[in-house]
Amino acid sequence: MNAISAGTVLITGPTSGLGRAATLAIAGRPPSRRPDLLLVGRPGAALTEVTDAARAAGATVYPIGCDLARLSDVRDAARAAKELLVAGAVRPLRGLVANAGLVVADTHSASADGYELTFAVNYLAHAQLIADLLGSFAAPSRIVLVGSNTYHQNVFRRLLRVAPAQWCDPVELARPTAPEVPSTFEGCGTAYSNSKLAFFYYAHELQRRAPDGVGVTVFEPGFMPGTGINRAHGAVAQRVGRLIERIPGVSSPTRSGPALASIVLDERWAHLRGGAFVVKNQERQVKPFAHDPVREARLWDATAELLSSAG
């Protein structure tokens with residue numbers, strides 16, 4: 001049993017897709033390689049079901065109901081996690097997987113705190129959760145942020161009309177589209193890609209500020225066309241996506257979930273630090289613009305401003 005497996009791993013978005021597959025991959029490991037689990041997700045039948053399935057596999061599991069679009073909920077979830085840790089209900093916190101994410105069909109949509117919904121859920125909620133829990137980690141530990149290669153465009157993504165990031169000041173990224181400005185398909189994609197570029201910048205700055213023994217990694221599960229993340233594209237697009245998933249080499253939750261579990265648990269990845277980028281099961285270099293100390297410092301400061309302004 002390594003140190004991570006001897007502790008507790010917290011996962012956001014465990015009820016479907018990649019998060020559910022990773023949760024069950026962890027729960028299905030032998031007892032000597034299986035951590036306790038804290039599952040942070042929207043309360044309801046899906047959270048209950050994945051909790052029951054993980055417990056049936058033998059894992060010690062606690063569900064924590066949380067709407068990531070409401071920062072007060074996120075703070076409550078962090079408090080609940082800390083209470084379980086302090087009470088000894090679960091072993092020391094050794095891992096956190098920031099998995100939950102969405103793409104909204106309308107960038108006028110705002111979170112409960114008034115922030116653009118994609119940026120709020122994908123980035124700000126996780127920044128709040130990690131900030132609240134950073135002092136609770138036992139070393140060694142790992143923070144894994146689920147990222148995406150959509151932050152930059154290549155020929156394949158251009159053909160699929162997947163919009164790359166268009167970075168600007170984080171306070172601007174957090175503003176919903178103005179009422180008089182139409183929301184577009186490309187704009188929704190850009191908002192998603194911006195939230196994932198934010199994860200790279202955040203990961204690099206977080207590593208500079210994290211306690212000793214905490215390693216920060218960004219994981220790209222690969223193109224998963226059939227997952228709920230594509231619900232903004234409509235039911236037809238999701239059905240087509242599920243067909244594409246059958247093509248060898250195309251990612252799916254059943255393929256990428258165990259890979260994500262491996263990143264947070266296995267000794268193979270114990271060396272990862274500094275926002276190292278892993279695509280499926282290989283370390284990769286990010287584009288040069290995804291390393292920018294000026295942007296990273298500004299994102300850190302702006303995030304603190306946005307979180308402190310939220311009710």
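Residues numbered from 1 in each chain as written. Predicted model: local features only at pLDDT ≥ 70, side-chain atom pairs only at ≥ 80, totals over all residues. Heavy atoms only, no water.

1. Re the sheet that holds strand 1 (residues 8-12)
Hydrogen bonds between backbone atoms are what pair the strands of a sheet, whose relative direction is either parallel or antiparallel.
Reasoning step 1: The mixed open sheet is built from eight strands, whose spatial order is 3-2-1-4-5-6-7-8. The sheet is open, and its two edges are formed by strand 3 (61-65) and strand 8 (282-284), each paired on a single side. For this sheet, the mean inter-axis angle between neighbouring strands, taken without regard to orientation, is 25°.
Reasoning step 2: In this structure, strand 1 lies alongside strand 4 (residues 93-98), joined through four bridges in parallel fashion. (Pairing = 2+ DSSP bridges. Helix = DSSP H or I, 4+ residues; strand = E, 2+ residues; numbered from the N terminus. Axes fitted to C-alpha atoms, helices over the stretch in contact; angles between N-to-C directions.)

2. Some details on the pattern of salt bridges
When their charged atoms lie close together, side chains carrying opposite charge are able to pair.
Reasoning step 1: Within this structure, the stated rule accounts for 12 salt bridges.
Reasoning step 2: Here R175 and E172 are joined by a salt bridge, their closest N and O atoms 2.1 Å apart.
Reasoning step 3: Judged by relative accessible area, which is 46%, R175 ranks as partly exposed.
Reasoning step 4: When the shortest N-O distance is used, the salt bridge between R208 and E296 registers 2.8 Å. (Salt bridge = Lys/Arg side-chain N within 4 Å of Asp/Glu carboxyl O. Buried < 20%, exposed > 50% of the residue type's maximum accessible area, 1.4 Å probe, protein only.)

3. With respect to the confidence of the model for the protein chain
Reasoning step 1: Here the protein chain shows a mean pLDDT of 91. Residues at 70 or above account for 90%.
Reasoning step 2: Considering only residues more than four positions removed or in separate chains, one finds that residues 228-233, a stretch of pLDDT under 50, has 14 contacts. (pLDDT = per-residue confidence, 0-100. Contact = heavy atoms within 4.5 Å.)

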